[in-house]
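Now for the letters of each chain:
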Amino acid sequence: MAYKLLVVDDEWDIVDSMRSRLTREGFTVTVASNGEEALRKVKEADPDIILLDLTMPRMNGFEVLREIRSKFTDRWRPVIIISAQTDLAVFKHAYSLEADHYLTKPCKMEDVLRGIQTMISLMPLRMPSADSHAPLPPVAEAPALKPLTPPVQIKEYAFKEIEEKWQRYWQEHRAFKAEISAKKKFYCLEMFPYPSGKIHMGHVRNYTIGDVYSRYKWIQGFSVLHPMGFDAFGQPAENAAIKNKTKPDSWTYKCIGEMERELKRMGLSYDWDREVSTCDAGYYKWNQWIFLKMFERGLAYKKASSVNWCASCATTLANEEVVDGGCWRCHTPVEQKELEQWYLKITEYKGRLLEDLDELSEWPERVKAMQTNWIGKSQGVEIYFHTKDDNQLIPVFTTRPDTIFGATYIVLAPEHPMVEQLIKGRPAEQAARAFIDKVKKESKTVRASAEVKKEGVFTGALAINPVNHEEIPIWIADYVLMEYGSGAIMAVPTHDQRDFLFAKEHGLSLRVVIQPENKPALSPETMTEAYEGDGLQVNSGHFNGLHNQDAKHKIAEWMKQHKTGKIQTHWRLRDWLISRQRYWGTPIPIIYCEKCGIVPVPYEELPVKLPSDAPFTGEGGSPLGKVREFVEVKCPKCKADARRETDTMATFFDSSWYFLRYCSPQNAQLPFDPREVKYWMPVDQYIGGIEHAILHLLYSRFFTKFFKDLVMLEFDEPFTNLLTQGMVLKDGEVMSKSRGNIVDPDSMIQKYGADALRLFMLFAAPPETELEWDDRGLEGSFRFLNRVWRIQADIKDQVAPGVTRALHKAIQKITDDVENFKFNTAIAGMMELVNEIYKNGADKPIYEALLIMLAPMVPHFCEELWETLGHKESIFKAQWPVCDPALLVEESVEMVIQVNGKVRSRIVVPTDTPAEKLKELIIADARSQEYLQGKPMRKFIVVPNKLINIVV
RNA sequence: GGGCGGAUGGCGGAAUUGGCAUACGCGAUAGCCUUAGGAGCUAUUGGGGUAACCCUUGGAGGUUCAAAUCCUCUUCCGCCCACCA
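Cut-offs and rules
Numbering of residues begins from 1 in every chain and follows the order in which that chain's sequence is written. Going through the entries in the order they are written, you letter the chains from A and number the ligands from 1. Totals for whole chains, interfaces and linings use all residues, but because this is a predicted model, local features are given only for residues with pLDDT of at least 70 and pairs of side-chain atoms are given and counted only at 80 or more. The side-chain quantities take in all heavy atoms of the structure and omit both hydrogens and water. Secondary structure elements are defined from DSSP: runs of H or I of at least 4 residues count as helices, runs of E of at least 2 residues count as strands, and each element is numbered from the N terminus. The classification of residues rests on relative accessible area computed with a 1.4 Å probe and restricted to protein chains. Under 20% of the type maximum is buried, over 50% is exposed, and intermediate values are partly exposed. Here a residue-residue contact requires only that any non-hydrogen atoms of the pair lie within 4.5 Å. Throughout, the Shrake-Rupley method with a 1.4 Å probe supplies accessible areas, and for residues the shown protein chains are the sole cover considered. Strand pairing requires that DSSP identify at least two bridges connecting the strands. We define a salt bridge as a contact between a side-chain nitrogen of Lys or Arg and a carboxyl oxygen of Asp or Glu at a distance within 4 Å. Side-chain atoms alone can form a polar contact between residues adjacent in sequence; in general such a contact is a pair of N or O atoms within 3.5 Å, and within protein one must be able to donate a hydrogen while the other accepts it.

Asks: So what about the overall build of chain A? Which residues, and what values?
Replies: A count of helices and strands for chain A gives 32 helices and 41 strands. Taken over the C-alpha atoms alone, chain A extends approximately 100 × 95 × 70 Å along its principal axes. When burial is assessed residue by residue, chain A has 52% of its 952 residues classed as buried. In chain A, once contacts between residues fewer than 6 apart in sequence are set aside, the share between residues at least 24 apart is 71%. For chain A, the exposed surface amounts to about 44,400 Å²; the carbon and sulfur share of it is 52%.

Asks: Could you give an account of the sheet that holds strand 14 (residues 335–344), naming the residues involved and the relevant values?
Replies: Spatially, 11-10-14-24 is the arrangement adopted by the four strands of the open sheet, whose pairing is antiparallel. The sheet terminates laterally at strand 11 (315–317) and strand 24 (576–577), the two strands that pair on one side only. As paired strands, strand 10 (residues 300–310) and strand 14 are joined by 10 bridges and run antiparallel to one another. Residue pairing across strands places Ala300 opposite Leu344, the latter belonging to strand 14.

Asks: Tell me about the pattern of salt bridges, and name the residues and values.
Replies: In this structure the tally under the stated criterion is 37 salt bridges. The residue Lys678 makes a salt bridge to Glu714 at a minimum N-O spacing of 4.0 Å. With a gap of 36 residues between them, Lys678 in helix 21 (residues 674–680) and Glu714 in the loop between helix 22 (695–709) and strand 32 (719–725) connect regions that are remote in the sequence. In this structure, the salt-bridge partner of Asp716 is Lys708, at a minimum N-O distance of 3.3 Å. The structure contains a network of salt bridges with shared partners spanning Asp356, Arg701, Lys705 and Glu717.

Asks: Requested: an account of the environment of Lys302, with residues and values cited.
Replies: Here Lys302 lies in strand 10. Accessibility expressed as a relative area gives 24% for Lys302, which makes it partly exposed. Sequence separation of Lys302 and Asn391 is 89 residues, and the distance between their C-alpha atoms is 34 Å. Leave out the neighbours within four places in its chain, and Lys302 touches Glu340, Gln341, Trp342, Tyr592, Ile598 and Glu645. Here Tyr592 takes part through its side chain, which lies 2.6 Å from a polar atom of the side chain of Lys302.

Here you go:
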């Protein structure tokens, strides 16, 4: 039986070593690093023996022991105290609390094991006795525990001091100040964070990747712009305001401060002088400026649309705030409410947004595919159906005009404007109205998520199919959306799965109009699902026999001629709703006047500032609407009493142009200085999560094109290269609070230093793929740094030529890998070089070259060693090592000899030995001959300096 | 349902794009060393077999002198979008 041990100590390294050693001895080991955790673990893991340290923060060992003795009395649980306390009073007190054994730190592992063995041997003798349930006898007051001298510095390099030292150095020397110069520029940008106050592993990964690349560019001699800022508007600040009675601005700035500190502890090479926060009036002023420019050009406009509305909170809800059809805060059922809202006419740029994707050769294909789908250009035909009774037009959009002869009914969305007149006075009116009301009540999310079941009602009206003049019924169904196409479809149940299901459900007729080739013929009676593939036209009048792909065009053409339809391009992209009925965002700079209507705030009055004293109750609509001084204004045109817009902008607006603001963050005349932008833009490398593949990137592209149209920019696309980094997982799952599997970056920095953390993040996986968090892996990175650290103690004057060759091979590989973001293999290359150095030694130039290549990844560490080696300037002023191809050439190579594709032998030959010579050598090679056995060679294939394959 | 991407040792991942599968790291095993312990150093580590040798990149087939890589079929997984007409 494996005994279960619980080891409790606040010193992580002791706990860890005990765990590994005791596990090796065959025990099941649970660990805890503080008293509270220990008690929880006693309950969960039910340990047989407990090893307990006395001095721990918050709850000391005495208290833990007391708790264990009073709460866990079901059986005897030996407790071994392992403590550095040598005071007799402490010793006595521990025993008075029924400790079973006391070991003084530092102690030998053998003593620990012996102690455990003794406890095990005693176990059968010590059953729970009656008096163990009795309350503990009163004991003398616990003696004070002496604070322990901190454990000896076990780290071989003092990362803490080193990291602080160099962070200070970079700050004081403005080491990463971006400046316009004659040098080639490089703009490296990572998506700026929402200032939640704490960084998470995703940030660490994102920013480390960007940091390595920009530091690499620094060393390469580029003029680098590497800025950081905060996407600081948004709901969490408002929620915090309601909950904690704070103000959104002070809460946000506090979070920014905390986040900044954490980012700085990562040692990131930002030009902090260019920091931007979108909630600064100096920033959002330009949001308003841009909005007005768009308004002038008719790109910002107002239109009614339905929103999720909570009647009890009197507020709008984002889709994410609708939980099970109810308000996330008060669970009141969510309704759809029509509100006048501001939109941006992004659809005006749809063609350019689609076409210019071709320019983006360095973007991941999948991001481009996602954008293409989002814009959703599709070619089709708008077919004109008419009602039978009063000849009213019902246009219907389809991408499958080839199936028109199979249309056996048409379906309107419940919101379709013609529904009312169609049902009026018909027998089905009652049922139809009930159905429409039911659908209207459902929020969009509910309606979209309702799977499979397709509900609908017959209007009682008929329509005429324009190609064959057939009379077909008009239905209303929830599976047709008003937002897409014309809000009406022709239904072809045989060739569209949704129509098929609906027709079967409601007993509507089916007709096959496309027969697949080389497959059994379809018939409506036997079909179990729609056939959506290609085939030959049947039941299609004079189009019979055509392939449906040809018929598509012929039928469209025919309808155009007979004016029964028109060829139409349809786009999925909608205009962008930017109104938010919230406080913590950019106020939309608009004034409503009874006489003059919608009046823009004059430019010279910008910014329209957020009032700082808005009330936060979470109820009764936007807090802005309750601030009289804000709402009540004079009309800029006629000076009459007027009302200010209380909606604010969606935060996506803020982030659609921040990369331009970084070029001249202080500029008071314009959103960005054209001279600076001309030098720095476009962004050479953009790095961020895939979750922004659609909206943020699309909006940024839209803004860029808009600025180009204002002649403020000369380029079409803002981001030349895009890298979408993968997520950080723990145990195969995304790290999240709800899963409780968060690993806090800051605590890892405490333990191993920022450099080790950075190194691990880069080494564990390529940037694009998911990264599985692994404590052990981080330790491995830390170990590697220590290995490199120790080389300094043993630098040779001369080394074997093999080491120099290894260096140059490494330079070639690492340079190529870093350039292409293959950091994991770049680090593997460095590890190989270090292994070589451990075998054969290194001289100073080799060590220095290694440090320079390592510097972008572990900057503090390399700066420190660089200084130790006697350099006065930062390592980032050094030259990136260059590979000398002449040194790569080896005099001899080992070649693999294959016989019939299987490795049978190897020979060492001079480099570039010709094939003829190789043949001779093989005839002389005994091992090869064994396999050839005098059989004639049919083929003799040579891959130079690598491999020979002989076919017999 | 549509689109994109995956599947390689006990684990994270390599493989110059068709040329020695498993680099590098983690974990594991043994030894050395010294320390209370950790750390460090050295060696071994895909599976089977005493060995020669055989097998192995989710599965089945194919192309090729040669396949993780190309082709066909198939299974499973992940992400994004989606009653999109």
